[in-house]
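Listed below are the residues making up each chain.
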Amino acid sequence: MPGGRITSVPVRRPDRLVLLDHVARAFEPGVRYTEEQLNAVLSRYSADHVVLRRSLVDEGFMESDRTHYWRCGGTVDL
């Protein structure tokens, strides 16, 4: 992550999961985010927020009901 920005999502799943877990920590468990809100946060990490959003959902870090997204996985700081 040169300069703190993601330039590509790793192909190897274990590496991808570590990266996505890091990104998922930006979202508060139990809070519902609109797609616009989600994209605003993801844009801080990468210019390709669409790939990050889809990867978070596909790998089980976020869920969606088509109008909102919420965090459902990943590491939680206590």
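Use the structure listed above.
About the cut-offs
- Residues numbered from 1 in each chain as written.
- Predicted model: local features only at pLDDT ≥ 70, side-chain atom pairs only at ≥ 80, totals over all residues.
- Heavy atoms only, no water.
- Helix = DSSP H or I, 4+ residues; strand = E, 2+ residues; numbered from the N terminus.
- Rg over C-alpha atoms; globule rule 2.2 N^0.38 Å.
- Areas by Shrake-Rupley, 256 points an atom, 1.4 Å probe, with all protein chains shown as cover.
- Lys, Arg positive; Asp, Glu negative; His and termini not counted.
- Charge placed at Lys NZ, Arg CZ, Asp CG, Glu CD.
- Salt bridge = Lys/Arg side-chain N within 4 Å of Asp/Glu carboxyl O.
- Buried < 20%, exposed > 50% of the residue type's maximum accessible area, 1.4 Å probe, protein only.
- Pairing = 2+ DSSP bridges.
- Axes fitted to C-alpha atoms, helices over the stretch in contact; angles between N-to-C directions.
- Parallel < 35°, antiparallel > 145°, perpendicular 65-115°, else oblique.
- Left-handed = near helix turned anticlockwise from the far one by under 90°.
- Contact = heavy atoms within 4.5 Å.
- Nonpolar A, V, L, I, M, F, W, Y, C, P; charged D, E, K, R; others polar.

Colleague: Even after reading the chapter, I still don't get the overall build of the protein, so can you show me in this structure?
Modeller: Assigned secondary structure in the protein consists of three helices and three strands. Secondary structure elements of the protein, listed N to C terminal, follow the sequence α-β-α-α-β-β. Here the protein has a C-alpha radius of gyration of 12 Å; the compact-globule value for 78 residues is 12 Å, and the two agree. In terms of overall dimensions, the protein has C-alpha extents of about 30 × 25 × 25 Å along its principal axes. In the form shown here, the protein has an accessible surface area of approximately 4,900 Å², with 51% of it arising from carbon and sulfur atoms. When the 11 basic and 11 acidic side-chain charges of the protein are each reduced to a single mean position, those positions are 2 Å apart.

Colleague: Quick question: what am I supposed to make of the pattern of salt bridges here?
Modeller: Opposite charge on two side chains makes pairing possible when the charged atoms of those side chains draw close. This model, assessed by the stated rule, comprises seven salt bridges. Where Arg-12 meets Asp-15, a salt bridge forms, and the shortest distance between an N and an O atom there is 3.0 Å. When its relative accessible area of 53% is taken as the criterion, Arg-12 is described as exposed. According to the relative accessible area criterion, Asp-15 is partly exposed, its value standing at 37%. Where Glu-59 meets Arg-13, a salt bridge forms, and the shortest distance between an N and an O atom there is 2.8 Å. In this pair, Glu-59 is assigned in the loop between helix H3 (49-58) and strand S2 (62-64) and Arg-13 in helix H1 (residues 13-24), connecting sequence segments 46 residues apart. Overlapping salt bridges bring together Arg-13, Arg-16 and Glu-59 as one network.

Colleague: Any chance you could explain the sheet that holds strand S3 (residues 68-71) here in plain terms?
Modeller: Whenever strands of a sheet pair, they do so through backbone hydrogen bonds, lying parallel or antiparallel. In space, the three strands of this open sheet follow the order S1-S3-S2, with antiparallel pairing throughout. Since the sheet does not close on itself, it has two edges, and those belong to strand S1 (32-34) and S2, each with one partner. Across the sheet, the axes of successive neighbouring strands diverge by a mean angle of 35 degrees, strand direction being ignored. Looking at chain direction, S2 and S3 are connected through three bridges and run antiparallel.

Colleague: What's the story with the packing of helix H2 (residues 35-42) against H3 in this structure? I'm lost.
Modeller: For any two helices packed against each other, the geometry comes down to the angle between their axes and how far apart the axes lie. In contact at an axis separation of 9 Å, H2 and H3 are set at 110 degrees when each is read in the N-to-C sense. Relative to H3, the element H2 lies roughly perpendicular. Between H2 and H3 the crossing geometry is right-handed. Contacts from Glu-35, Leu-38, Asn-39 and Leu-42 of H2 reach H3 at His-49, Leu-52, Arg-53 and Leu-56. The residue inventory of the contact of H2 with H3, partitioned by class, reads four nonpolar, two polar and two charged.

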